[in-house]
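Each chain, written out:
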Amino acid sequence: MNSLSRRRFLKITGATFGAAVAVSSLSEVVKGAEKVEVKTGKKVKGIQKIPTYCDICFWKCGAIAYLKDGELWKIEGNPDDPLSEGRLCPRGTGGIGAHFDDSRLKAPLIRKGPRGSEEFVQVTWDEALNYIAEKMKKIKSDFGPEAMVLFSHGVGGNFLKHLMHAYGTPNDTAPSFAQCRGPREVGFELTFGDVIGSPERTDLRNSKCIVLIGSHLGENMHNTQVQEFSEAIEKGATIITVDPRFSVAAGKAKYYLPIKPGTDMALLLAWMNVLVTEELYNKKFIEKYAYGFEQFQYEIAQYTPEWAYIETTIDPEVIRETAREMARYMPATLIHPGRHTSWYGDDAQRSRAIALLNALMGNWGKKGGFYNPTSVNIPKYPYPAYPKSEKGAADNPNHKYPFAEGEKLSTGLREATLTEKPYPIKGWFVYGTNLTQALPNTQETINAIQKLDLMVVCDVVPSEIAGYADVVLPESVYVERYDDLNNPLFREGFVSLRQPVVDSPNDQKPNWWIAKKLADKLGLQEYFPWKDVEEYLDTRLRSAGLSLPQLKEKGVIRAPKGKIYFDEDEEIEFYTSTGKVEFYSHKLKDAGFDPIPKYTKPEEPPAGYFRLLFGRSPVHTFSKTQSNRFLSGLMDENEVWLNYDIAKRMGIKNGDYIKLKNQDGIVSNKVKVKATERIRTDCVYMVHGFGQRSKMYRQTFNKGASDSQLITKYKMDPLMGGTGMNVNFVTIDWEA
Ligand SMILES: Nc1nc2c(c(=O)[nH]1)N[C@H]1C(S)=C(S)[C@@H](COP(=O)(O)OP(=O)(O)OC[C@H]3O[C@@H](n4cnc5c(=O)[nH]c(N)nc54)[C@H](O)[C@@H]3O)O[C@H]1N2
Ligand SMILES: Nc1nc2c(c(=O)[nH]1)N[C@H]1C(S)=C(S)[C@@H](COP(=O)(O)OP(=O)(O)OC[C@H]3O[C@@H](n4cnc5c(=O)[nH]c(N)nc54)[C@H](O)[C@@H]3O)O[C@H]1N2
Ligand code: SF4
Ligand SMILES: [Mo]
């Protein structure tokens, strides 16, 4: 579903580089990488600047890496890049610590002890890849190619995805759908007929009123979003922040609504109630484009602010006032759709309510609302067609989750591995995703792994998941390798390049090399006809009228800016089945779901327990930066936020170490208490990614506590298979 929409957008709004590129002044400040003698190891005197794009998270900010006398020195934003505009976030700035990381895997490993014992022997690349190829051949002949699954995250997985599809399996998945933004995309697609995408098509920069419902921009450091958010604040935009915790964004807000966790739907319905009953919505837009508005009006009448107060604990007058504030600035009012939206298991419907609230503002394709993203069309490499899988994917048998189409469900493939239904899964290839941290209920992940015939992990450090591998493949980090091109849908079309800046220090290899070598050993050479990645990149770029040397020098090439808003009276086409914005959804009704979103009460914490909430630190990315010395120097363990009065009553002081125990008796590592008035009394909060339990990964072992360990329960979104993870409760383990 999502990929379809994206393709459609490419067709409709795709720009070309055109003549503008031919004459574009390639910046003189940036010297090409070929001028650095990385291959010969010769130290080049003086300072060199090499453009690339960041990989400390998935935002892909354009950067310039600096070498001083041939050594990696620093990295900064590339001023030519539309995502970074010359500035990196703190993680990006410290990113080169990945190259210097003492914890790095240095050579391929093969397991010698039992799975999970973290006992390995060092082998050569040939030995490691032969081992994998032999197992993969046997799996294919015994069970069919579908018995292999690829878990990957990020652009680095592209060549391995290609390999796996060439091998014949449709089972490739990432934690960025069911554990992250899947519910949002499904909610918006059902309402507007299109997705939000990444980077988000939010025109934050021009918004006059921004509503953040749990999007904690400022801790969530997606660079462009944070820059645009700051710009809007400087221009005096009204900020409304809804969060059980007084986040960084709440500190910038005119209205802070400390909502009871899990009750956002009630607030959203009440806001819409106010807008409809006070007739404050965008009438022109609704009259023209809304489908099922009368039924919606009828339904929404019951959700008064007084009703919502009981659920959310938000003062009814504040609900009214904030709804009026939104109406005051429409269509330049943006209710941010969020990104990590898999929270409570009813998330696609909550996202749909957010979509409807935006629709009441009439902000689709409007300045300060959602712009119409554009991109440049860089054709794919002309590969032969993939073999067709007869069995189809195993993640969602019988379309149990009817609206998950187009993206694979990670926990669905884990389930298939455990149950052997709809067919047996025998091999996992895991690239750049720490599944024991990223998927809820770690024990289920481990149980599934124990059933496999082959478990491969490609990582840069001995992460938790690497400890469960049969074969560990050490990858070169981002400043040491090429990756695929970045040319997303955005405000403007552009393409950027990741290229090597320095050599890998040991026997690490880039993903493209690994995929190509493995293809040779599997007899899939016809799918890798290019000599090396440079030839691949140059072929793609030339088919768009560009070239690799050009992009190596500049790092990013931008197309002329196009039109990203609809004109005042321009007809808007919506790709829903009715061609309108669907306030009432027949698709949902026919599939047995609420056609108009409804509220269900969240489960209450048992007496003495708090709801466990989690989020981001501005200086770390999930579980992947903890051993980066530049970033761990800023924060090397996480804290648990506990309401000050509660802590005081319990005799716990700020800075004390405690252990948490969840509803299933799972006990965390010791974690430092942050006793604060900035969080409600019914929940606790911690930064995700700490408390890692890989003994091989010494720098991080036992530092802080892991939210993942405590997330034994999760609630599946019945529409699309998202895993709601904010449904666990913890108490203080006094025996600690
Ligand atoms: N409990 C809990 N679970 C969550 C979340 C949460 O907040 N709490 N957040 C969810 C969200 S929003 C998302 S998007 C996902 C993210 O999930 P993941 O993408 O799995 O995130 P990480 O845990 O950082 O795992 C990244 C892994 O890649 C490795 N790595 C880093 N650089 C490289 C490289 O260059 N090459 C290779 N091969 N490997 C590399 C790291 O060492 C690490 O093992 O997690 C989801 N799961
Ligand atoms: N520095 C940094 N930035 C990142 C990342 C990173 O790892 N590091 N990861 C990136 C990725 S992939 C993603 S998906 C995003 C995730 O970032 P966001 O999309 O902003 O989402 P969450 O992490 O779910 O947001 C957590 C916030 O929601 C609040 N919250 C919890 N429960 C509720 C509730 O019931 N209602 C409301 N209204 N609020 C609630 C929490 O207190 C917290 O402030 O961050 C991105 N940016
Ligand atoms: S947001 Fe930060 S970490 Fe992510 S790509 Fe940009 S600079 Fe790198
Ligand atoms: Mo995410």
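Residues numbered from 1 in each chain as written. Chains lettered and ligands numbered in written order. Predicted model: local features only at pLDDT ≥ 70, side-chain atom pairs only at ≥ 80, totals over all residues. Heavy atoms only, no water.

Undergrad: I keep staring at the overall build of the chain and nothing clicks. Help me out?
TA: Tallying secondary structure elements over the chain gives 24 helices and 26 strands in all. A compact globule built from 736 residues would reach a C-alpha radius of gyration of about 27 Å, and the chain, at 25 Å, matches this within 12%. Over its C-alpha atoms, taken along the principal directions, the chain stretches across nearly 70 × 70 × 55 Å. The 736 residues of the chain split such that 63% are buried. Long-range contacts, defined as pairs at least 24 residues apart, comprise 74% of the intrachain contacts of the chain with a sequence gap of at least 6. Across the chain, the mean location of the 96 positive side-chain charges is 2 Å away from that of the 92 negative side-chain charges. (Helix = DSSP H or I, 4+ residues; strand = E, 2+ residues; numbered from the N terminus. Rg over C-alpha atoms; globule rule 2.2 N^0.38 Å. Buried < 20%, exposed > 50% of the residue type's maximum accessible area, 1.4 Å probe, protein only. Contact = heavy atoms within 4.5 Å. Lys, Arg positive; Asp, Glu negative; His and termini not counted. Charge placed at Lys NZ, Arg CZ, Asp CG, Glu CD.)

Undergrad: Where do I start with the environment of phenylalanine 151 in this structure?
TA: Residue position: phenylalanine 151 is located in strand E6 (residues 148–152). Along the backbone, phenylalanine 151 and asparagine 434 are 283 residues apart, and their C-alpha atoms lie at a distance of 9.5 Å.

Undergrad: Would you mind showing me how to read the nonpolar core here?
TA: Generally speaking, soluble globular proteins have nonpolar side chains that are buried together. Within the largest apolar cluster, 66 residues are counted, with the highest numbers of intra-cluster contacts made by Trp271 and Phe583. Take this core: its biggest share by element is 11 residues, from helix H9 (residues 264–277). Of all hydrophobic cores here, the second largest spans 53 residues; its members include Val376, Tyr431, Trp512 and Leu518. (Core = buried A, V, L, I, M, F, W, Y, C linked by side-chain atoms within 4.5 Å.)

Undergrad: I keep staring at the domain arrangement of the chain and nothing clicks. Help me out?
TA: Domain parsing of the chain yields domain 1 (194–372 + 567–590) and domain 2 (610–732). A separation of 29 Å is found between the C-alpha centroids of domain 1 and domain 2. Listed per partner, the contact involves 25 residues of domain 1 and 25 residues of domain 2. Of the roughly 1,900 Å² buried between domain 1 and domain 2, counting both surfaces, carbon and sulfur atoms make up 59%. (Domains from an automatic or database assignment. Buried area = accessible area lost by both parts, 1.4 Å probe.)

Undergrad: What exactly am I supposed to notice about the environment of proline 422 here?
TA: In this structure, proline 422 sits in the loop between helix H15 (410–419) and strand E13 (427–431). Between the alpha carbons of proline 422 and tyrosine 53 there is a distance of 40 Å; along the sequence they are 369 residues apart. Leave out the neighbours within four places in its chain, and proline 422 touches Ala394, Pro397 and Ala416.

Undergrad: Mind showing me how you'd approach the site of ligand 1 here?
TA: Taken together, the neighbourhood of ligand 1 is formed by 29 residues, with His153, Thr433, Asp459, Glu475 and Ser623 sitting nearest. For ligand 1, an oxygen atom lies 2.6 Å from a polar atom in the side chain of serine 623. Residue serine 708 places a side-chain N or O atom 3.3 Å away from a nitrogen atom belonging to ligand 1. When isolated, ligand 1 has an accessible area of 930 Å², and the protein chains bury 96% of it. Residue assignment for the shell around ligand 1 shows that the elements contributing at least two residues are helix H7 (177–192), helix H16 (435–438), strand E14 (454–459) and helix H24 (707–710). (Near = heavy atom within 4 Å. Polar contact = N/O pair within 3.5 Å; in protein donor to acceptor, adjacent residues only side chain to side chain. Areas by Shrake-Rupley, 256 points an atom, 1.4 Å probe, with all protein chains shown as cover.)

Undergrad: Just checking my understanding: could you explain the sheet that holds strand E9 (residues 238–242) for this structure?
TA: Sheet strands associate in pairs through backbone hydrogen bonding, adopting either a parallel or an antiparallel arrangement. Within the open sheet, the 4 strands sit side by side as E10-E9-E8-E12. Their pairing is parallel. Here the strands that pair on one side only, and so sit at the sheet edges, are strand E10 (255–257) and strand E12 (333–335). The average undirected angle you get between the axes of adjacent strands in this sheet is 10 degrees. As paired elements, strand E8 (residues 209–213) and E12 share 3 bridges and run parallel to each other. Residue pairing in the sheet places isoleucine 210 in a bridge with leucine 334 of E12. Packing against the sheet, helix H14 (residues 347–361) makes contact with E8 and E12, and its axis sits at approximately 175 degrees to E12. (Pairing = 2+ DSSP bridges. Axes fitted to C-alpha atoms, helices over the stretch in contact; angles between N-to-C directions.)

Undergrad: Help me out: how do you make sense of the sheet that holds strand E1 (residues 47–53) in this one?
TA: Spatial strand order, E1-E2-E3: 3 strands in an open sheet with antiparallel pairing. Each end of this open sheet is capped by a strand with a single partner; those strands are E1 and strand E3 (71–77). Direction aside, neighbouring strands of the sheet carry axes that sit 25 degrees apart on average. Here E1 pairs with strand E2 (residues 62–68) via 7 bridges, running antiparallel. When the bridges of E2 are listed, tyrosine 53 appears paired with glycine 62.

Undergrad: I keep staring at the packing of aromatic side chains and nothing clicks. Help me out?
TA: Remark: the centre distance and the inter-plane angle together describe each pair of aromatic rings, the angle taken between the planes. Applying the stated criterion to the full structure yields 33 aromatic pairs. When the centroid spacing of 4.1 Å and the interplanar angle of 5 degrees are considered together, the rings of phenylalanine 192 and tryptophan 364 count as stacked. With phenylalanine 192 in helix H7 and tryptophan 364 in the loop between H14 and H15, the pair connects residues that are 172 residues apart, well separated along the chain. The same class applies to phenylalanine 192 and to tryptophan 364, which are both buried. Where phenylalanine 403 meets phenylalanine 593, the ring centres are 6.3 Å apart and the plane angle is 55 degrees; that geometry is what we call tilted. Taken as a pair, phenylalanine 403 in the loop between H14 and H15 and phenylalanine 593 in the loop between helix H21 (586–590) and strand E19 (610–615) lie far apart in primary sequence, 190 residues in all. We note that phenylalanine 403, like phenylalanine 593, is buried. An aromatic cluster is present here, built from Phe159, Tyr381, Tyr383, Trp512, Phe528, Trp530 and Tyr536 joined pairwise through their rings. (Phe/Tyr/Trp six-rings, centres within 6.5 Å; stacked < 30°, edge-to-face > 60°.)

Undergrad: Sorry, what's going on with the packing of H9 against H14 here?
TA: For any two helices packed against each other, the geometry is given by the interaxial angle and the distance between the axes. The interhelical angle for the contact between H9 and H14, taken along N-to-C directions, is 20 degrees, at an axis separation of 10 Å. Looking at the two axes, H9 sits roughly parallel to H14. Read as a crossing pair, H9 and H14 show a hand that is left-handed. Of the residues in H14, those touching H9 at Asp264, Met265, Leu268, Trp271, Met272, Leu275 and Val276 are Gln349, Arg350, Ala353, Ile354, Leu356, Leu357, Leu360 and Met361. For the contact of H9 with H14, the per-class residue count stands at 12 nonpolar, 1 polar and 2 charged. (Parallel < 35°, antiparallel > 145°, perpendicular 65-115°, else oblique. Left-handed = near helix turned anticlockwise from the far one by under 90°. Nonpolar A, V, L, I, M, F, W, Y, C, P; charged D, E, K, R; others polar.)

Undergrad: Before we go on, may I ask you to explain the pattern of salt bridges in this structure?
TA: Two side chains bearing opposite charge may form a pair once their charged atoms approach each other closely. Within this structure, the stated rule accounts for 50 salt bridges. A salt bridge links lysine 260 to glutamate 604; the nearest nitrogen and oxygen atoms lie 2.7 Å apart. Pair noted here: lysine 260 is in the loop between E10 and H9 and glutamate 604 is in the loop between H21 and E19, with a separation of 344 residues, a long-range link. Judged by relative accessible area, which is 47%, glutamate 604 ranks as partly exposed. (Salt bridge = Lys/Arg side-chain N within 4 Å of Asp/Glu carboxyl O.)

Undergrad: Quick question: what am I supposed to make of empty space enclosed by the protein here?
TA: Where empty space is left in the structure can be found by rolling a water-sized probe over the atoms. Within this structure, the stated rule accounts for 5 cavities of 30 Å³ or more. If you trace the largest cavity, you find it lined by Cys54, Ile56, Cys57, Trp59, Lys60, Cys61, Leu88, Cys89, Arg91, Gly92 and Asn223. Within the lining of the largest cavity, the residues separate by chemical class into 7 nonpolar, 2 polar and 2 charged. (1 Å grid on protein atoms, 1.4 Å probe; cavity = no way out; pocket = protein on both sides within 12 Å on 5 of 7 lines; lining within 4 Å. Points joined across faces, edges and corners; volume = space filled by probe spheres on them.)

Undergrad: What exactly am I supposed to notice about the state of the cysteines here?
TA: Note on terminology: a disulfide is the covalent bond linking the sulfur atoms of two cysteines. A full pass over the atoms with the stated rule returns 0 disulfides. Free cysteine: cysteine 458, not disulfide-bonded; nearest cysteine sulfur from cysteine 54 at 18 Å. The class for cysteine 458 is buried, based on a relative accessible area of 1%. (Disulfide = S-S within 2.5 Å.)

Undergrad: Please explain the packing of helix H12 (residues 305–312) against helix H13 (residues 316–329) as it appears in this structure.
TA: Interaxial distance between H12 and H13 falls to 8 Å at its minimum, and their mutual angle equals 115 degrees. With respect to the hand of their crossing, H12 and H13 are arranged in right-handed fashion. Contact residues: Pro305, Glu306, Ala308 and Tyr309 in H12; Pro316, Ile319 and Arg320 in H13. Among the residues forming the contact of H12 with H13, the class breakdown is 5 nonpolar, no polar and 2 charged.

Undergrad: Looking at this structure, I do not really get the environment of proline 108. What am I missing?
TA: One can find proline 108 in the loop between helix H4 (97–100) and strand E4 (109–111). Along the backbone, proline 108 and aspartate 656 are 548 residues apart, and their C-alpha atoms lie at a distance of 41 Å. Apart from the residues lying within four places of it in its own chain, the contact partners of proline 108 are Val121, Gln122, Val123, Thr124, Trp125, Ala128, Val472, Pro474 and Asp507.

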